[in-house]
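The primary structure of each chain is shown beneath.
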Amino acid sequence: MSTENLPQQPEQPARKPRVAVVFGGRSSEHGISVVTAGAVLKAIDRTKYDVLPIGITSDGRWALTADEPERMAIVERRQPSVEQLAETGEGGVVLPVDPASREVVYSEPGSVPKALGEVDVVFPVLHGPYGEDGTLQGLLELSGVPYVGSGVLASAVGQDKEYMKRVFTSFGLKVGPYVVIRPREWQQDESAARKKIIDFAGEHGWPLFVKPARAGSSIGITKVDDLSGLDEAIATAQAHDPKILVEAALRGREIECGVLEFEDGPRASVPAEIPPPEDHAYYDFEAKYIDSTPGIVPAPLTEEQTAEVRRLAVEAFEAASCEGLVRADFFLTEDGEFVINEINTMPGFTPISMYPQMWQATGVSYPELVDLLVQAALRRPTGLR
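Since the structure is predicted, the reported quantities are computational estimates derived from the model, not experimental observations.

Each value, and the rule that gives it
- Residues numbered from 1 in each chain as written.
- Predicted model: local features only at pLDDT ≥ 70, side-chain atom pairs only at ≥ 80, totals over all residues.
- Heavy atoms only, no water.
- Helix = DSSP H or I, 4+ residues; strand = E, 2+ residues; numbered from the N terminus.
- Buried < 20%, exposed > 50% of the residue type's maximum accessible area, 1.4 Å probe, protein only.
- Contact = heavy atoms within 4.5 Å.
- Areas by Shrake-Rupley, 256 points an atom, 1.4 Å probe, with all protein chains shown as cover.
- Pairing = 2+ DSSP bridges.
- Axes fitted to C-alpha atoms, helices over the stretch in contact; angles between N-to-C directions.
- Parallel < 35°, antiparallel > 145°, perpendicular 65-115°, else oblique.
- Nonpolar A, V, L, I, M, F, W, Y, C, P; charged D, E, K, R; others polar.
- Phe/Tyr/Trp six-rings, centres within 6.5 Å; stacked < 30°, edge-to-face > 60°.
- Lys NZ or Arg CZ within 6 Å of the ring centre and 35° of its normal.
- Core = buried A, V, L, I, M, F, W, Y, C linked by side-chain atoms within 4.5 Å.

Peer 1: How would you explain the overall build of the chain if you had to name every residue and give the values?
Peer 2: Within the chain, the regular secondary structure consists of 12 helices and 16 strands. Per-residue burial over the chain gives 55% buried out of 385 residues. Pairs at least 24 apart in sequence give 65% of the contacts found in the chain among residues at least 6 apart. Total accessible area computed for the chain in this model is approximately 17,700 Å², and 51% of it derives from carbon and sulfur atoms.

Peer 1: How would you sum up the pairing of strand β15 (residues 325–333)? Please name residues and give values.
Peer 2: Of all the 9 residues making up β15, 9 are buried; the element is thus mostly covered by neighbouring parts of the structure. As defined by bridge partners, strand β12 (residues 252–262) adjoins β15 across 9 bridges and the pair is classed as antiparallel. Within β15, the residue paired with Cys257 across the bridge is Ala328. Pairing between β15 and strand β16 (residues 338–344): 6 bridges, direction antiparallel. Bridging from a neighbouring strand, Asp329 pairs with Glu342 of β16. Hairpin remark: β15 followed by β16, antiparallel, with 4 residues in the connecting loop; positive phi at Gly336, about 85 degrees.

Peer 1: Kindly report on the packing of helix α4 (residues 152–159) against helix α5 (residues 161–170), identifying the contributing residues and their values.
Peer 2: The N-to-C vectors of α4 and α5 enclose an angle of 110 degrees; their axes lie 5 Å apart at closest approach. Relative to α5, α4 is oriented roughly perpendicular. Contact with α4, carried on its side by Val157, Gly158 and Gln159, involves Lys161, Tyr163, Met164 and Val167 of α5 and no other residues of that element. The residue makeup of the contact of α4 with α5, split by class, is 4 nonpolar, 2 polar and 1 charged.

Peer 1: Just give me the short version of α4, but keep the residues and values in it.
Peer 2: Along α4, the residues classified as buried are Ala154, Ser155, Val157, Gly158 and Gln159. Of the surrounding secondary structure, the elements contacted by the buried residues of α4 are α3 (135–143), α5 and β16.

Peer 1: How would you sum up the packing of aromatic side chains? Please name residues and give values.
Peer 2: On inspection of all chains with the given rule, the structure shows 5 aromatic pairs. With a centroid separation of 6.2 Å and an interplanar angle of 55 degrees, the aromatic rings of Phe123 and Phe349 are classed as tilted. Taken together, the positions of Phe123 in strand β7 (residues 121–124) and Phe349 in the loop between β16 and α11 (354–362) put the pair 226 residues apart, joining distant regions of the chain. Here Phe123 matches Phe349 in class, with each residue buried. Every member of this aromatic cluster is reached through a ring pair, and the members are Phe123, Phe349, Tyr355 and Tyr366. Over the face of the ring belonging to Tyr130 we find Arg26, whose NZ or CZ atom lies 4.0 Å from the ring centre. Positioned above the aromatic ring of Phe262, the side-chain terminus of Arg267 is 3.9 Å from the ring centre.

Peer 1: Account for the nonpolar core, with residues named and values stated.
Peer 2: Ranked by internal contacts, the top residues of the largest apolar core, which has 35 residues, are Val19, Val21, Phe23, Val40, Phe123, Phe349 and Val370. If you list the elements that add at least two residues to this core, you get β1 (18–24), α1 (30–43), α2 (82–85), β7, β12, α11 and α12 (366–379). When residues no more than four places from it in sequence are discounted, the contact partners of Phe123 are Val19, Ala20, Val21, Val22, Val40, Val148, Phe349, Val370, Leu373 and Val374. Among the nonpolar cores identified, the runner-up in size contains 29 residues, and Phe168, Val309, Leu332 and Phe338 belong to it.

Peer 1: Break down unusual backbone geometry for me, with residues and values.
Peer 2: The residue after Trp206, namely Pro207, is reached through a cis peptide bond having omega 0 degrees. As for its placement among the helices and strands, Pro207 is situated in the loop between α7 (190–204) and β9 (208–212). Cis geometry marks the peptide bond from Val297 to Pro298; its omega dihedral reads -5 degrees. A positive phi angle is found at Glu76, which is not glycine, with a value near 50 degrees. Among the secondary structure elements, Glu76 is positioned in the loop between β3 (62–64) and α2. Of note in the backbone geometry, Arg77 takes a positive phi value of approximately 65 degrees without being a glycine.

Peer 1: Outline the sheet that holds β1, listing residues and values.
Peer 2: Across the sheet, 4 strands lie side by side as β3-β2-β1-β7; this open sheet has mixed pairing. Looking along the sheet, the strands with just one partner apiece sit at the ends: β3 and β7. Pairs of neighbouring strands in the sheet enclose a mean axial angle of 30 degrees, with direction left out of account. Examined bridge by bridge, β1 and strand β2 (residues 50–56) share 7 bridges and lie parallel to one another. Looking across to β2, one finds that Val21 is bridged to Pro53. Across the sheet, α12 touches β1 and β7, and the angle it forms with β7 is around 130 degrees.

Peer 1: Which residues make up the sheet that holds strand β8 (residues 178–181), and what are the values?
Peer 2: Taken in spatial order, the 4 strands line up as β8-β11-β9-β10 in an open sheet, and their pairing is antiparallel. In this open sheet, the two edge strands, each paired with only one partner strand, are β8 and β10 (222–224). Geometrically, the sheet is characterised by an average inter-axis angle of 25 degrees between neighbouring strands, direction not taken into account. Summarising the sheet, β9 and strand β11 (residues 244–248) pair through 5 bridges and their orientation is antiparallel. The residue bridging Lys211 from the neighbouring strand is Leu245, located in β11. The strands that α7 touches are β8, β9 and β11; relative to β8, the one it contacts most, it runs at about 175 degrees.

Below, the structure is given as structure tokens:
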């Protein structure tokens with residue numbers, strides 16, 4: 001039978017890729033993650049993507065939240081939370097555990113689960129443990145859902161400052177002097193662990209920076225000028241992570257550089273300089289996010305220094321097997337040498353954060369940055385690669 005004269009079915013319009021923006025989380029950086037999500041939700045191109053905001057509460061519940069970026073801001077020095085944005089206090093969002101399905105389901109006690117549709121890519125804007133450290137990335141790999149940013153290994157390495165430094169050293173990147181106190185060391189012999197730090201200070205001098213080994217946003221960090229402040233600094237760091245890192249102070253300028261994955265590979269932005277903030281002992285959490293201490297973009301460096309730090313930033317990105325994006329932080333020492341301090345695989349990502357500012361100065365606007373990251377994630381398969 002000929003089908004030439006049969007009525008033709010109209011072509012269905014292509015479905016827009018669906019992006020789940022996942023934010024909040026169980027770490028001490030919960031509030032900043034919510035602020036970041038608000039910026040991404042505001043910037044993402046709604047004509048190009050469907051968007052599903054999913055918040056993770058401080059106790060780990062995955063909640064369906066309002067798509068209201070204006071409520072995700074720091075107001076009167078108070079940070080927002082997922083609990084304030086959640087549509088209910090009990091319902092939960094469940095990602096698929098079958099790689100053959102990307103259907104997201106929402107359920108409440110006593111109600112029939114409701115399908116929220118398929119998700120094509122996850123944009124995780126979580127900072128710190130239980131989100132930036134490879135745990136969420138592992139869940140998404142098991143679910144077969146593509147996601148923005150680095151994979152399991154690179155995320156874990158980027159979160160743990162000890163192993164990050166070990167990886168960099170093995171690739172020939174220069175790092176500053178440091179010592180690590182593991183939980184078992186402290187539990188078995190506090191005196192010996194404290195002496196380890198004091199001996200380190202004797203070799204490298206004061207001040208020291210005592211910090212959680214696996215936290216970010218400068219949370220839990222103390223600049224210690226002498227022995228009298230050491231115990232309090234240790235307790236502050238251990239409140240965020242039982243493993244602590246102690247670093248010698250490096251004399252020099254703080255220089256940052258952004259790395260972004262393009263189709264032809266990673267490229268570095270123009271660098272920025274973080275000047276010593278007024279009214280703060282160093283570039284701490286409040287200087288970054290509350291008082292918004294401005295950086296200098298681009299950094300006032302020579303052409304040779306700019307080229308060198310951009311090269312080193314990409315080298316650090318590759319050394320840790322990163323994907324998507326990284327902010328690489330360096331010290332430019334008084335003798336003109338770049339020493340890498342750390343990388344962030346999900347750096348501060350509000351429009352006033354240094355990573356977007358550096359790319360803005362390089363010619364990539366904030367909405368373009370969001371789009372490039374989503375496109376890179378859609379190109380990349382899950383699993384071994």
